[in-house]
Amino acid sequence: MNKKTKKYIGAAIGVLGVAGALAAASEFFFDLGFVNRRGRNPDPDMSVWDPHAEQKTASAAVRNMKRRRYRNAMDPETVKRREYANRKKEEGRAWILSKDPERWNITSDDGIPLVAHYIPAENSRALFILVHGYRSNGLRDFAYIAKPLHEKGYSLLILDNRAHGESGGKYISYGALERFDVILWANEVKRRLPDLPVILNGVSMGAATVLMTASMDLPDNVRGVVADSGYTSPSDIFKSVIKRMYHLPEFPFVPLARVMSKRRIGVDFADVSAAESVKKTKVPLMFAHGTGDTFVPHDMSETNFANAPSGMARMILVDGAEHTQSYLFDPKRYGAELDRFIEDCLK
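Everything quoted here is computed from the prediction, not taken from an experiment.

### Considering the packing of aromatic side chains
Here is step 1: Going through the model one piece at a time under the given rule, you end up with seven aromatic pairs.
Here is step 2: Plain terms: the ring middles of Phe238 and Phe269 are 4.4 Å apart, the flat faces sit at 90° to each other, and that makes the pair edge-to-face. Residue Phe238 is found in helix H8 (residues 234–245), and its partner Phe269 is found in the loop between helix H9 (250–264) and helix H10 (274–277); the two are separated by 31 residues along the sequence. In this pair, the class of Phe238 matches that of Phe269, namely buried.
Here is step 3: Stacked on the ring of Trp104, the Lys or Arg Arg192 has its end atom at 4.1 Å from the ring centre.

Here's what the structure looks like:
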């Protein structure tokens, strides 16, 4: 074998090695971002809907480590604010469980069992379908606002998104498939409670999901959409997270993730966009976002708001509020704006 041949073989092996490394890295990041069930409970709060279920708690050592980490990394005011948020979250979670929610079940268009939990209000004026965020659940994401909504006469349907909580499925699709599930839930409400208007309310990924439904064929019981801390599109949030959290370039990881998404889930997440959907919204929209959000930049909500038709949307920015915590930071202003929005939707 001459030197030239050896050189070509070495170059080919190098190219194959790089390609293999990229494929392995892409596979790793795809699983990291899209898979939320590996044949076991993916969510420590899966059984939390049963208040008598035995809950796994972190050891004292783990709790102390987290406390030290927060205290070392944050100023005293931030630590105090986080502790307040955690306390309010636990209070809200306890209130939701105290209402003994009724379990609802449906099946998605692609055969996945979906679960939600229903809390009726006396003489209910409307029902809120609450759509939680990425790798979260309704107990966390709506702990702050569930009780205030209920006290104002609104029934609540708290979803477990596919691949979360008690619902089935393995893959998260960042709203691409979840939007169809939300519409199925709205139709289920219409079947069970035909005279009750519906407001779709999502946070984070849930916010982007409900915005993606805004231009779809919604049942006539849906009167409005509330989107808190939502992103413009799956592609945009991927690019943002890859850059900020992993310090990686968009290329080749995002294109490879698209290929694997089409192969494994059957959708190209680049084909869906909340920012595009709101341009053709069929219902009024309300956007909320905190300027202190370091996960989903608040300018994404501003872009979504700017894309909505004139007169079809309103926006509230809460100074300093962190991700999904706008209501917690300014409940009076947020609540007043939400009340006005709902009244307009129910006219």
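Having seen it, we continue.
### Considering the nonpolar core
Here is step 1: The biggest cluster of nonpolar side chains holds 59 residues, and the ones touching the most others in it are Ile129, Leu157, Trp185, Leu200 and Leu285.
Here is step 2: Here this core gets six residues from one element, more than from any other, and that element is helix H7 (residues 205–213).
Here is step 3: Residue contacts for Leu200: discarding those within four places in its chain leaves Ile129, Val182, Val210, Thr213, Leu218, Val222, Gly224, Val225 and Val226.
Here is step 4: Counting residues in each nonpolar core, the second largest holds 33 residues, with Leu97, Ile145, Ile199 and Ile316 among its members.

### Quick word on the environment of Glu91
Here is step 1: As for its position among the elements, Glu91 is in helix H3 (residues 76–98).
Here is step 2: With 53 residues separating them in the primary sequence, Glu91 and Tyr144 have C-alpha atoms 8.3 Å apart.

### A short note on the pairing of strand E6 (residues 222–228)
Here is step 1: Counting buried residues along E6, six of its seven residues qualify, which places the element largely inside the surrounding structure.
Here is step 2: Sheet topology places strand E5 (residues 198–203) next to E6; six bridges connect them, and they run parallel. Note on E6: the bridge partner recorded for Val198 is Val222.
Here is step 3: As for the winding sense of the linkage, the β-α-β connection from E5 through H7 to E6 is right-handed.
Here is step 4: Relative to strand E7 (residues 285–290), E6 runs parallel, the two sharing four bridges. Counterpart to Val225 in the pairing with E7 is Leu285.

### Here we look at the pattern of salt bridges
Here is step 1: All chains considered together, the criterion is met by 20 salt bridges.
Here is step 2: The partner of Arg103 in a salt bridge is Glu166, with the nearest N and O atoms 2.9 Å apart. Of the two residues, Arg103 is situated in strand E1 (residues 102–107) and Glu166 in the loop between strand E4 (154–160) and helix H6 (178–192); the sequence distance between them amounts to 63 residues.
Here is step 3: A relative accessible area of 40% means that Arg103 is categorised as partly exposed.
Here is step 4: Residue Glu188 pairs with Arg191 through a salt bridge whose shortest N-O separation is 2.7 Å. Placement of both Glu188 and Arg191 in helix H6 is noted, with a separation of three residues, approximately one turn of the helix.

Conventions used here
Residues numbered from 1 in each chain as written. Predicted model: local features only at pLDDT ≥ 70, side-chain atom pairs only at ≥ 80, totals over all residues. Heavy atoms only, no water. Phe/Tyr/Trp six-rings, centres within 6.5 Å; stacked < 30°, edge-to-face > 60°. Helix = DSSP H or I, 4+ residues; strand = E, 2+ residues; numbered from the N terminus. Buried < 20%, exposed > 50% of the residue type's maximum accessible area, 1.4 Å probe, protein only. Lys NZ or Arg CZ within 6 Å of the ring centre and 35° of its normal. Core = buried A, V, L, I, M, F, W, Y, C linked by side-chain atoms within 4.5 Å. Contact = heavy atoms within 4.5 Å. Pairing = 2+ DSSP bridges. Right-handed = clockwise from strand over helix to strand, strands pointing away. Salt bridge = Lys/Arg side-chain N within 4 Å of Asp/Glu carboxyl O.

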